[in-house]
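Breakdown of the fold
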Amino acid sequence: MGKLTVRALRAVLVVVLVGTVFVQASMVWALATDPEDGSLPLTPLRVITILGVVSVQVALVCVWRLVSMVRRGTVFSHAAFRYVDIVIGAIVAIALLWFAVTALNAPGQREDPGVTVIMGGIGLAVLGVALVVLLLRMLLAQAVARDVEAAQMRDELDEVI
């Protein structure tokens, strides 16, 4: 992975992290100061938003750590699995939180249930992203196994020579 790519990805991660902190602070402020007007259950939506932002932040930190491992050439190790597993968990948490938002929004959509169906589809798509990352984790596991196997063969070859 080139230096420019790493810097660009890290810049994006920083911008997104700063944005999530801003959204999180805004939601906490609104939770503390802005009363509900009765049209929507705002308190649960704000709490879900805060939890969703925390999940995004956790995933961002793990991606940062994985990028650091790629830069150092240590991503093909068992230490990378911890970060990938946390990213998968964060994505699943985000999907579950989205389903909670969908459930909270559904009673207001009785006349137009299409919105609820679309929101449910978005939740399924987010779960699909988690499955793609799980697939990538399996590829990482194969690469780590091959790397370990190659190291063992090198050691055996060194003994023979």
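Thresholds applied
- Throughout, residues of each chain are indexed from 1 in the direction in which the sequence is written.
- For this predicted model, a pLDDT threshold of at least 70 governs which residues receive local features, and a threshold of 80 or more governs which side-chain atom pairs are given and counted, while totals over whole chains, interfaces and linings are taken from all residues.
- In computing side-chain properties, one takes all heavy atoms of the structure into account and sets aside hydrogens as well as water.
- Fitted lines through C-alpha atoms serve as axes, helices being fitted only where they are in contact, and the angles separating the N-to-C directions of these axes extend from 0 to 180 degrees.
- In DSSP terms, a helix is any run of H or I states spanning at least four residues, a strand is any run of E spanning at least two, and both are numbered starting from the N terminus.
- Geometric relationships in this document are graded by angle, where less than 35 degrees denotes roughly parallel, more than 145 denotes roughly antiparallel, 65 to 115 denotes roughly perpendicular, and other angles denote oblique.
- Each crossing gets its hand from how the near helix is turned against the far one by less than a right angle, where anticlockwise is left-handed and clockwise is right-handed.
- The nonpolar class holds Ala, Val, Leu, Ile, Met, Phe, Trp, Tyr, Cys and Pro. Asp, Glu, Lys and Arg form the charged class, and all remaining residues, Gly among them, are polar.

**What about the packing of helix α1 (residues 3–33) against helix α2 (residues 42–72)?**
- Two elements in contact, α1 and α2, have axes whose closest approach is 9 Å; the angle formed by their N-to-C orientations is 160 degrees. It follows that α1 is roughly antiparallel to α2 by the angle criterion. The crossing of α1 and α2 is left-handed.
- Partitioning the contact of α1 with α2 into residue classes produces 21 nonpolar, 6 polar and 4 charged.

**Some words on the packing of helix α3 (residues 79–105) against helix α4 (residues 114–160)**
- The contact between α3 and α4 brings their axes to 9 Å, and the two run at 170 degrees. On the basis of their axis angle, the class for α3 and α4 is roughly antiparallel.
- For the contact of α3 with α4, the per-class residue count stands at 25 nonpolar, 5 polar and 2 charged.

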